[in-house]
Amino acid sequence: GAVVSQHPSRVICKSGTSVKIECRSLDFQATTMFWYRQFPKQSLMLMATSNEGSKATYEQGVEKDKFLINHASLTLSTLTVTSAHPEDSSFYICSAREGIYEQYFGPGTRLTVT
Amino acid sequence: KNQVEQSPQSLIILEGKNCTLQCNYTVSPFSNLRWYKQDTGRGPVSLTIMTFSENTKSNGRYTATLDADTKQSSLHITASQLSDSASYICVVGGTASKLTFGTGTRLQVTL
């Protein structure tokens, strides 16, 4: 199957700083990418849908000014957590859509805000 | 409200045994149903994906079934291995590629 990578795999930052997470589709072009957040022992929660060349669509309750999403190319989407706080500590997972149905998930990024 | 419920929440089985995980959904309209395997600290990996017209699909030792009338699906794992220990997530796709995730079944395979 297709491969989606994320970088970094884990990051620790201080409260108040910003962190950027990259999501890349390595062997296919993805016009649509998705960003999810997952808390321990819970399922994935969709944060936003990212379309190449246009503004992201955020889910209800997700602050667009806090979670900045850029999808500048068909293989790269970035999520920037601005002014991070300890409650933003979570497992962030991206996925990229290929074709009509298939979504391939990245390996995730563990963010810890101290 | 679109929902996906999975049972059991957790399961422990001996290596070599078979098991079946259940998924009930109320997503409408329905487009497709997927089963993913998620290892701890990793992203989900697709096992099977079925559309409305498909009622069974296999991937190695994994066999998924779908009954669109009763809105139920199952994932059967044959001859379990230690590496099968993971969370198994049932995901239903609706309109506009919107996915509704179940909370998963945590499977532990022991010696």
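These figures come from a predicted structure and were not determined experimentally.

Definitions and cut-offs
Residues numbered from 1 in each chain as written. Chains lettered and ligands numbered in written order. Predicted model: local features only at pLDDT ≥ 70, side-chain atom pairs only at ≥ 80, totals over all residues. Heavy atoms only, no water. Helix = DSSP H or I, 4+ residues; strand = E, 2+ residues; numbered from the N terminus. Rg over C-alpha atoms; globule rule 2.2 N^0.38 Å. Buried < 20%, exposed > 50% of the residue type's maximum accessible area, 1.4 Å probe, protein only. Contact = heavy atoms within 4.5 Å. Lys, Arg positive; Asp, Glu negative; His and termini not counted. Charge placed at Lys NZ, Arg CZ, Asp CG, Glu CD. Buried area = accessible area lost by both parts, 1.4 Å probe. Salt bridge = Lys/Arg side-chain N within 4 Å of Asp/Glu carboxyl O. Polar contact = N/O pair within 3.5 Å; in protein donor to acceptor, adjacent residues only side chain to side chain. Pairing = 2+ DSSP bridges. Axes fitted to C-alpha atoms, helices over the stretch in contact; angles between N-to-C directions. Core = buried A, V, L, I, M, F, W, Y, C linked by side-chain atoms within 4.5 Å.

(A) Structural view of the overall build of chain B. When helices and strands are tallied, chain B shows zero helices and eleven strands. Of the regular secondary structure in chain B, the N- to C-terminal order runs β-β-β-β-β-β-β-β-β-β-β. Over its C-alpha trace chain B gives a radius of gyration of 13 Å, about what one expects of a compact globule, namely 13 Å for 111 residues. In chain B, which comprises 111 residues, the proportion classed as buried is 46%. Pairs at least 24 residues apart make up 54% of the contacts formed inside chain B by residues separated by at least 6 positions. Between the centroid of the 10 positive side chains of chain B and the centroid of its 7 negative side chains there is a distance of 7 Å.

(B) Molecular detail of the interface of chain B and chain A. The partner chain A presents 20 residues to the 20 residues of chain B that form the contact. Taken together, the two surfaces of chain B and chain A that pack against each other cover about 1,500 Å², and 54% of this comes from carbon and sulfur. When the buried surface of chain B facing chain A is broken down by residue, Pro44, Ser97 and Phe101 of chain B rank first, second and third, together holding 29% of it. At the boundary of chain B and chain A, one finds one salt bridge.

(C) Highlighting the side chain of Thr105 of chain B. Residue and element names in this part refer to chain B. Checked against the element boundaries, Thr105 lands in strand S11 (residues 105-110). At a separation of 2.6 Å, a polar atom in the side chain of Thr105 contacts the main-chain carbonyl oxygen of Pro8. Not counting residues within four places of it along the chain, the set of residues in contact with Thr105 comprises Gln6, Ser7, Pro8, Gln9, Ser10, Leu21, Ala86, Ser87 and Tyr88.

(D) View of the sheet that holds strand S1 (residues 4-7) of chain B. All names here are of chain B. Read across the open sheet, the five strands follow the order S1-S3-S8-S7-S6; overall the sheet is antiparallel. In this open sheet, the two edge strands, each paired with only one partner strand, are S1 and strand S6 (56-59). Strand-to-strand twist across the sheet, computed as the mean angle between neighbouring axes with direction ignored, equals 15°. Sheet topology note: the strand S3 (residues 19-25)/strand S8 (residues 72-77) ladder contains six bridges and is antiparallel. Within S8, the position partnered with Cys23 by the bridge is Ser73.

(E) A look at the pairing of strand S9 (residues 86-93) of chain B. Residue and element names in this part refer to chain B. Counting buried positions over the eight residues of S9 gives eight, a clear majority of the element. Sheet analysis places strand S4 (residues 32-38) next to S9, joined by seven bridges and oriented antiparallel. When the sheet's bridge partners are listed, Lys37 is paired in S9 with Tyr88. As judged from the three bridges shared by S9 and S11, these two strands associate in the antiparallel manner. Of the residues in S11, the one forming a bridge with Ser87 is Arg106.

(F) Spotlight on the nonpolar core. In terms of nonpolar packing, the biggest core is built from 26 residues, with Val4, Phe28, Trp35, Phe67, Leu79, Tyr92 and Leu111 of chain A touching the most fellow members. Among the secondary structure elements, those contributing two or more residues to this core are strand S2 (10-13), strand S3 (19-25), strand S4 (32-38), strand S5 (45-51), strand S7 (67-73), strand S8 (76-81), strand S9 (90-98) and strand S11 (109-113) of chain A. Those residues within four positions of Tyr92 of chain A in sequence are excluded, and the remaining contacts are Gln6, Ile21, Tyr36, Arg37, Met47, Phe67, Leu79, Gly108, Thr109 and Leu111 of chain A. Membership of the second largest hydrophobic core comes to 24 residues, among which are Trp35, Met50, Leu75 and Cys90 of chain B.

(G) Summary view of the pairing of S2 of chain A. Residue and element names in this part refer to chain A. Of the two faces of S2, the one lined by Val11 and Cys13 is fully buried and the one lined by Arg10 and Ile12 carries no buried residue. Sheet topology places S2 next to S11; four bridges connect them, and they run parallel. Among the inter-strand pairings, Cys13 is bridged to a residue of S11, identified as Val113.

(H) Seen up close, unusual backbone geometry. Omega for the peptide link from His7 of chain A to Pro8 of chain A comes to 0°, which places this bond in the cis form. Turning to its location among the elements, Pro8 of chain A is positioned in the loop between strand S1 (4-7) and S2. Its identity is not glycine, yet Lys71 of chain B carries a phi of approximately 60°, on the positive side. Judged by its relative accessible area of 32%, Lys71 of chain B is partly exposed.

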